[in-house]
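Okay, here's what each chain looks like letter by letter:
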Amino acid sequence: MSSVIDVRDLRTHIVTRWGTIKAVDGVSFALGEAETLGLVGESGSGKSMTCLSLVRLVPRPAARIVGGEVRLDGEDLLAKSDAEMQQIRGRKVAMILQDPMSSLNPVFSIGMQMREPLAMYHRLRGAAVTARAAELLAAVRIPSPETRLRAFPHQLSGGMRQRVVGAMAIAGPPRLLIADEPTTSLDLTIQAQYLGLLKELQQRHRFAMIFVTHNLGIVARTCDRVAVMYAGRIVEIGPVRRIFTEPAHPYTRALLESIPRFGARRERLTAIAGQPPDLASLGAGCAFAPRCPAAFERCATAPSETAIAPGHATRCWLHARA
Amino acid sequence: MLGRESNGALLAVENLTKHFVVRRGALGWSTGVVRAVDAVSFDIPAGSTLGLVGESGCGKTTTSKLILALETPTAGSIRFEGREVSALDREGRRAYRRAVQAVFQDPYASLDPRMRVGAVIAEPLVINADLDAAGRRRRVAELLDVVGLPERAATLYPHEFSGGQRQRIAIARALALSPKLVVLDEPVSALDVSIRAQILNLLVELQQRLGVSYLFIAHDLAAVAHMSRTIAVMYLGKIVEIGDADAIALEPKHPYTKALFAAALPIDLDRPREEITLSGEVPSPLAPPSGCRFHPRCPFAMPHCATEEPALRPESGRLVACHLY
Ligand SMILES: Nc1ncnc2c1ncn2[C@@H]1O[C@H](COP(=O)(O)OP(=O)(O)O)[C@@H](O)[C@H]1O
Ligand SMILES: Nc1ncnc2c1ncn2[C@@H]1O[C@H](COP(=O)(O)OP(=O)(O)O)[C@@H](O)[C@H]1O
Ligand code: SF4
Ligand code: SF4
Ligand SMILES: [Mg+2]
Ligand SMILES: [Mg+2]
């Protein structure tokens, strides 16, 4: 199967007061049609910066994509002009962010903000725009869509706003949907509803999806593949089942052991020692070494990626072939 | 036992109710009543943990504020060590406030950024304990050690610490007066996943060492099940299921409790738990649905669910408020 999105050795650097941060440091993965990649890792590990790099929306001038390839259906997005990129963001790659208000304008009605991209990227006019907007709201199961088109964002609940953003995201329909912690601010039962909706839309439109979350339960239920990020790198990537049943990287293992689970009652959780890394002061070796119970001499240099099973790879000296 | 062992409980809450009168409409001409906490009853035995779960707005924080005497109940009673809290005299109330402490979700907001950590932790000691400056310093060092921070942390400011360390500071401060009950309102929600287990382990260890009771509030059912002996599930101000934590975690009975499990990681990917996806949103607490408050979203709702409010009744070793049982 050919990939919808194929990312190779993506690198994004950010210049800060404390020096240059390698926020995305050689990230590679590929996704096919209707496939979902769960991107997990603690805050600051580079998940959002990876997503923003894919659509070339990194905060400039501080952040800059310094290398790699991002191929969407074979075409390298990093080689496109700004104008071409804008078209691609309007139609082929859609993004849903954690805070729906960062995608909605508080002073315009829902209908007004849905109209603009529909007119611009789909060349719809007049009543056809309104009809399409209402259709999209209905597709994300917003009740009485015609009425809601006249509503303003503040008149909707958080869950409803995120549905509106979802409706705008699938207008393309996109080839790739990037959802960066879209449910984190929603309540649990509303999260479950929203995820169900995204999966349903994916079945219909067959887009590839990158789903950023720190909730491993959500990953287990919605993703086909999982990429675990640590300090700007993917330290392990593989099929969901393999990652949950045979995690290879010590960080992945520790993460899975540290979360409480029903029925597996233990007095103590296996906590990960130490603090999340500070990207501004990373050494040359494996970034997890200061917290890794298995660290040894070799870990003073950075491990490269090793394939350990079909579709399953990790960056750890324990798995490197001699 | 069902979270209702009135004799000998450290804290016994009965029919606790809090109504807020709020203005409605753009001009605030009319008023409405939010029944934030509506006839809630539970016990917390000494040295034990009661976990309180439910979606935001269901009344968890209001319940904790009532217990912390930061809000006055509209009705109902709170008994602490057998004594009615509302009937306590001045001295009794002071003692109560010392005995019941709190740790909140946001370690950034709850620590004064201009105070050194030593002063932050010592603050409750200044007002409430007969200690001189040297005695307070010793107690601060002891508390820092208890929560796993180095002694020199006392000389630094809160912003010089990570989120997890700041939560340790907040815990040290809460323990300063040797409380008997600590209210933990979403203590790990703002922390990174890799740090949460550290704090949960610390809390369990402190309970074993000090015999302190917890009211543990979270929306993560798995974390609550891990921490608690008893779980109470709230929906729109009411407890809909309460009982033994393991029993509820392994076999939830109320349809809402079942739905709450959706976000938890199953133990076995091949045997996912019975899962319910709810339609609709949580209704406004200003106008809660008639009958069972959950009926507009419940996939099992029956005609009489819209008219008759289910009472908490014993079912499979816990109490459940649902007409299915
Ligand atoms: N606008 C910015 N300026 C400077 N540094 C930033 C900016 N945005 C993110 N970073 C840094 O880049 C790194 C990766 O951040 P991010 O991708 O947002 O992480 P995540 O989404 O995994 O939480 C972090 O170390 C963060 O501090
Ligand atoms: N001071 C207040 N005035 C009016 N309404 C309030 C006040 N405090 C809380 N509420 C309302 O009471 C309900 C319960 O809130 P809260 O106890 O904070 O819930 P939770 O902690 O479970 O999220 C909510 O509908 C909230 O809006
Ligand atoms: S490379 Fe070394 S330090 Fe890094 S995860 Fe593997 S064993 Fe641990
Ligand atoms: S009482 Fe009826 S509506 Fe309420 S939870 Fe039970 S079945 Fe559902
Ligand atoms: Mg992010
Ligand atoms: Mg709250």
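The structure under discussion appears in the preceding block.
This section reports on the structure supplied with the text. (Residues numbered from 1 in each chain as written. Chains lettered and ligands numbered in written order. Predicted model: local features only at pLDDT ≥ 70, side-chain atom pairs only at ≥ 80, totals over all residues. Heavy atoms only, no water.)

1. Points about the interface of chain A and chain B
Each side of the interface is counted separately: chain A has 43 residues, and chain B has 47 residues. Of the roughly 3800 Å² buried between chain A and chain B, counting both surfaces, carbon and sulfur atoms make up 56%. Across the chain A-chain B interface, the total number found is one salt bridge. The interface formed by chain A and chain B contains 10 residue pairs in polar contact (both at pLDDT 80 or more). Of all the secondary structure elements, the ones that give two or more residues to the side of chain A that touches chain B are helix H6 (158–169), helix H7 (188–205), helix H8 (216–222), helix H9 (240–245) and helix H10 (250–258) of chain A. Here the side of chain A that touches chain B gets six residues from one element, more than from any other, and that element is H7(A). (Contact = heavy atoms within 4.5 Å. Buried area = accessible area lost by both parts, 1.4 Å probe. Salt bridge = Lys/Arg side-chain N within 4 Å of Asp/Glu carboxyl O. Polar contact = N/O pair within 3.5 Å; in protein donor to acceptor, adjacent residues only side chain to side chain. Helix = DSSP H or I, 4+ residues; strand = E, 2+ residues; numbered from the N terminus.)

2. Details of the pattern of salt bridges
Should the charged atoms of two oppositely charged side chains come close, the side chains can pair. Considering all chains together, one arrives at 29 salt bridges over all chains under this definition. The salt bridge involving Glu123(B) is made with Arg173(B); its shortest N-O contact spans 2.8 Å. In this pair, Glu123(B) sits in helix H4 (residues 117–128) while Arg173(B) sits in helix H6 (residues 163–175), placing the two residues 50 residues apart along the sequence. Relative accessible area serves as the criterion here: at 32%, Glu123(B) is assigned to the partly exposed category. Connected through salt bridges with shared partners, the residues Asp9(A), Arg11(A), Asp25(A) and Arg233(A) form a single ionic network. (Buried < 20%, exposed > 50% of the residue type's maximum accessible area, 1.4 Å probe, protein only.)

3. Digging into the site of ligand 1
Residue and element names in this part refer to chain A. Not every one of the 13 residues close to ligand 1 is listed here, only the nearest: Gly 44, Gly 46, Lys 47, Ser 48 and Met 49. Interatomic distance of 2.7 Å between a backbone N/O atom of Gly 44 and an oxygen atom of ligand 1. Here Lys 47 contributes a side-chain N or O atom positioned 2.8 Å from an oxygen atom of ligand 1. Breaking the shell around ligand 1 down by element, the ones donating at least two residues are strand S1 (5–16) and helix H1 (47–54). Ranked by residues supplied to the shell around ligand 1, first place goes to H1 with three residues. Classifying every residue of the shell around ligand 1 by side-chain character gives five nonpolar, six polar and two charged. (Near = heavy atom within 4 Å. Nonpolar A, V, L, I, M, F, W, Y, C, P; charged D, E, K, R; others polar.)

4. Quick word on the sheet that holds strand S1 (residues 9–24) of chain B
Residues and elements named next belong to chain B. Taken in spatial order, the four strands of this open sheet run S2-S1-S4-S5, and their pairing is antiparallel. Here the strands that pair on one side only, and so sit at the sheet edges, are strand S2 (30–45) and strand S5 (83–84). As defined by bridge partners, S1 adjoins strand S4 (residues 75–80) across five bridges and the pair is classed as antiparallel. Counted as the bridge partner of Glu 14 is Ser 77 from S4. (Pairing = 2+ DSSP bridges.)

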